[in-house]
Amino acid sequence: METLYHSTRSADDGVLSKEAILAGIAPDGGLYVSDQVGTAKLDLPTVCSQNYHSTARTVLGTLLGDYTDDEIAQCVEGAYGDQWDTQAITPLTPLGSDWLLELYHGPTSAFKDVALQMLPRLMSVARSTAGRGLDIMILTATSGDTGKAALEGFADVSGTGVTVFYPDGKVSDVQRLQMVTQHGNNVAVCGIHGNFDDAQTEVKNIFADEQFASRLLKADCVLSSANSINVGRLVPQVTYYFDAYSQLAKKGAVTPGEKIDFCVPTGNFGDVLAGYYAKLLGLPVGKLIVASNANNVLTDFITTGTYDRRRPFHKTISPSMDILVSSNLERLVYYLSGNDCELIASYMSDLSEKGHYSVSPAILEKLQESFACGCADDDDTRATIRATWEDLGILIDTHTAVGKAVLDARPSEGRQRVCLSTASPYKFSADVLAALGKDVTGLDGFSCMDALEQLTGTVAPAQLSNLRTADERHVDVCDKPQMIDFVEAACKRVFA
Ligand SMILES: *Cc1c(COP(=O)(O)O)cnc(C)c1O
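Residues numbered from 1 in each chain as written. Predicted model: local features only at pLDDT ≥ 70, side-chain atom pairs only at ≥ 80, totals over all residues. Heavy atoms only, no water.

The next thing to look at is the site of the ligand. Near the ligand, the surroundings consist of 14 residues, among which K112, G267, N268, D271 and T422 are the closest. Here an oxygen atom of the ligand sits 2.5 Å away from a polar atom, N or O, in the side chain of K112. Residue D271 places a main-chain N or O atom 2.9 Å away from an oxygen atom belonging to the ligand. About the coverage of the ligand: the protein hides 96% of its 380 Å² of free accessible area. By residue class, the composition of the shell around the ligand is 5 nonpolar, 7 polar and 2 charged. (Near = heavy atom within 4 Å. Polar contact = N/O pair within 3.5 Å; in protein donor to acceptor, adjacent residues only side chain to side chain. Areas by Shrake-Rupley, 256 points an atom, 1.4 Å probe, with all protein chains shown as cover. Nonpolar A, V, L, I, M, F, W, Y, C, P; charged D, E, K, R; others polar.)

This part covers helix α9 (residues 196–208). If you check α9, its first and last C-alpha atoms are 18 Å apart, about what 13 residues at 1.5 Å a residue would give, namely 18 Å. Its buried side turned inward, α9 meets β6 (135–141), β7 (160–167), β8 (187–192), α10 (210–218), β9 (221–224) and α22 (483–494). (Helix = DSSP H or I, 4+ residues; strand = E, 2+ residues; numbered from the N terminus. Expected span 1.5 Å × (residues − 1). Contact = heavy atoms within 4.5 Å.)

By the burial criterion, the buried members of helix α4 (residues 69–79) are E71, I72, C75, V76 and A79. Take α4 and look down its axis: the buried residues cluster within an arc of 130 degrees, on one side only. Those residues of α4 that are exposed and aimed more than 90 degrees away from the buried face are D69, D70, Q74 and E77. (Buried < 20%, exposed > 50% of the residue type's maximum accessible area, 1.4 Å probe, protein only. Arc of directions from axis to C-beta.)

With that settled, consider the packing of helix α17 (residues 378–392) against helix α18 (residues 398–408). α18 packs onto α17 with a crossing angle of 85 degrees between their chain directions and a minimal axis gap of 8 Å. The angle between α17 and α18 places the two elements in the roughly perpendicular class. Listed contacts from α18 to T381, T384, I385, T388 and L392 of α17 are T398, A401, V402, K404 and A405. When the residues that make up the contact of α17 with α18 are grouped by side-chain class, the tally is 5 nonpolar, 4 polar and 1 charged. (Axes fitted to C-alpha atoms, helices over the stretch in contact; angles between N-to-C directions. Parallel < 35°, antiparallel > 145°, perpendicular 65-115°, else oblique.)

See the structure below:
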């Protein structure tokens, strides 16, 4: 059956999932949602007997109904192949009396790979079957992690290209090397003189430049983005909630039907929203626990029903969660409101004009029925990394530690609990090493990696340690005004 999507802010113009994935954001600035989510449930005993790949096919087939079974199967096979260091894709391991869902076994060692290995393939199929065959150039500014995951996901995917700008001198050694050593005939990477905001602002200008767009269109090319509000990034993440349950059932830790909790280190709300989708699709979920760092706007929202972005921005040791406006929350509030587009449009205009909005008591009650919350500052985070290592012999990264800290502060209510682990500790070697009590002053990224290996007897992922000898293929650095020329040249070269 076809799946229809429309904007969270207006139900007027329905589009198929392929079109929603190609467009990314709805024309009115809302996010694409489908009212069909949850009308069909997944069969739990079947899920519990399946492996990751077959569950991925079931989930994608249910939420992206206008893709054929063959198209889905082909995307799943390509996205979850031997670029992962385990066939389990997202293995579940013990974490004291709880469980750790390891989402970082993909090519860039962070959980965004689960979605960004899939999105390009979904786009490529949509492009050739629903997209007028135009070539798609993905354009991204990155402060470090997302850029690499996008490069790795789009590399050599037909009909697509990817251009990434990063602030030169303002990303870590390891992050820069991850990007500038990227292979693929359709990738372009360029440093800019300036900070992340400069890069981001200029990327937005390039997207808004209509003359540029029409020049590209004459060459059958369109610009697009790969950010986390795209349906094609959200849907693949639903799979690992079901698969975690299946792994628990196979271990005999749950009997099908029994509720479990998930604790999710949260930034833009994409990851934990996928857990809510899983619940709508029939997964027995007790609570989804939203874990935040010092940027605890979501803790306040879930506690009070008021979302207020008028607050200081904290730079923390879990940078991928340093966010004041969690974009994907708009989708959750849409569903909790009983699909009330008009109400969502008014909340979102309050948010952009006044900086805050408050949901109705009925919505707050539903929110608290499904969600719990908590936050941990950098000191809590470091203490949790150290205690988890010293007490359990398990090394976790700074983002996962926020989740674990929040989980530890709550009673278990008798349910099995799964803490989502979003990055390899070796992506954040310096902060993890410092949390273990070591002095890291003056140490570069690779020295920290070596020291962490020696101290813990664990091994850094090969794709990170191999960077020290990899060739630097992308050496361009430009000023802001030259970014647009760089994009144009990349389109010409990639789609020649
Ligand atoms: C992006 C990211 C998060 C936050 O995920 P959201 O979907 O934005 O909530 C958490 N941890 C790591 C390591 C990330 O890269």
